[in-house]
Amino acid sequence: MEEQLEEKVTIDPSLWEPIAPSALPPKQVTEIANDLRNSKNPLIVTSYLGRNEAAVNELIRLSEQLAIPVLESCPNYVNFPADHAMHIGYQWNTPEQNKWLEQADVILVLDSDVPWIPLKNKPGNEATIYYIDADPIKEQMPLWYIPSKNFFKADSQIALEQLNEKLSAISDLDQEQISNRWEKFEVIHHERKQAFRLMEEPDGDAITPEYLTACVREIIDQNTIVVNEGISNYPTISNHLELNRSGMLFGSGAGSLGWNGGAAIGMKLADPTKTVISLTGMAPTYSASHHRFTGWPNVTKHLS
């Protein structure tokens, strides 16, 4: 391996292209498309589809074709615009049942390690689930399973392009049902946003997580990258940042602290023109001198 060669070794880069993305089997494209079009309460769940901007555009197209609400579960990226009428919110590992997940009759899961945690939050028993992911059986995750009708190892962008093409060719979509569903979730989306705005009001002289996140939102522009390691404040950050463009948010996808500092510096080095904002969580600490707990984002609780 270390032998010196007299002749220079040359490599043709054109012969070392990445593996081409995989697609859905044609028969299953028709099956999924038909189940979605006939569904009364369809739902799309995703976590990291937003690592590919082109996939986000295709997801918007699918959602708009059939008025399918999109739920982001433990998101590490901007997977769907937060200001879109079909954005139905975020879920983390909070011990409560998501209403829209429970009511859905057809669920399309795209690029997600944790679409839900069934102990406290899961779909109804009669729901039809399709799962599309680059690693659909989670080879390195023991005991991982969701009750999916079919698992597909496919690239989400390609799969969504296939589904959108199939649905575009269907001439007899129930436009009245689609229109009614759009109007329903547009109202729900607006009501959610108004409720979050009320939570952003300051609480006396305390800096609440909601208020601080709203202040961060005010300084974000299209040239900003947010590095999110908020841990216990993940739901707050998701609900109040309201990011709309893929490529603006990055999470570690891991279960421990320490990633964000190096990641933020690396992103700034990779593109010095970007404004990088790092939101960092920490375990609560006790200060004996001030008799208080402290933690991100500068929220204090006095001991009784």
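You'll find the structure just up there.
Definitions and limits used
Residues numbered from 1 in each chain as written. Predicted model: local features only at pLDDT ≥ 70, side-chain atom pairs only at ≥ 80, totals over all residues. Heavy atoms only, no water. Helix = DSSP H or I, 4+ residues; strand = E, 2+ residues; numbered from the N terminus. Contact = heavy atoms within 4.5 Å. Phe/Tyr/Trp six-rings, centres within 6.5 Å; stacked < 30°, edge-to-face > 60°. Buried < 20%, exposed > 50% of the residue type's maximum accessible area, 1.4 Å probe, protein only.

## Description of the overall build of the chain
Argument step 1. From N to C terminus, the chain includes eight helices and 12 strands.
Argument step 2. Projected onto the principal axes, the alpha-carbon positions of the chain cover approximately 75 × 65 × 40 Å.
Argument step 3. Residue pairs in contact within the chain that sit at least 24 positions apart in sequence constitute 63% of those at least 6 positions apart.

## Notes on the packing of aromatic side chains
Argument step 1. Under the criterion given, the structure shown has six aromatic pairs.
Argument step 2. Ring centres of Tyr77 and Phe250 lie 5.7 Å apart, and the angle between their planes is 75 degrees; on these two criteria the pair is classed as edge-to-face. You can see Tyr77 sitting in the loop between strand 2 (70–73) and strand 3 (87–91) and its partner Phe250 sitting in strand 8 (residues 249–251), a full 173 residues away along the chain.
Argument step 3. Residue classification places Phe250 among the partly exposed positions, given a relative accessible area of 25%.
Argument step 4. Look at Trp100 and Phe185: their rings are 5.3 Å apart centre to centre, the planes differ by 70 degrees, and that puts the pair in the edge-to-face class. Placement of the pair is Trp100 in helix 3 (residues 99–103) and Phe185 in helix 5 (residues 175–199), with a sequence separation of 85 residues. Both residues of the pair, Trp100 and Phe185, count as buried.
Argument step 5. Chaining the aromatic ring pairs together yields one cluster made of Tyr131, Trp144, Tyr145 and Phe151.

## With respect to the environment of Ala55
Argument step 1. Of note, Ala55 is situated in helix 2 (residues 53–66).
Argument step 2. Since its relative accessible area comes to 0%, Ala55 is described here as buried.
Argument step 3. With 105 residues separating them along the chain, Ala55 and Leu160 place their C-alpha atoms 7.3 Å apart.
Argument step 4. Sequence-distant contacts of Ala55, that is, excluding residues within four places in its chain, are made with Leu49, Ser156, Gln157 and Leu160.

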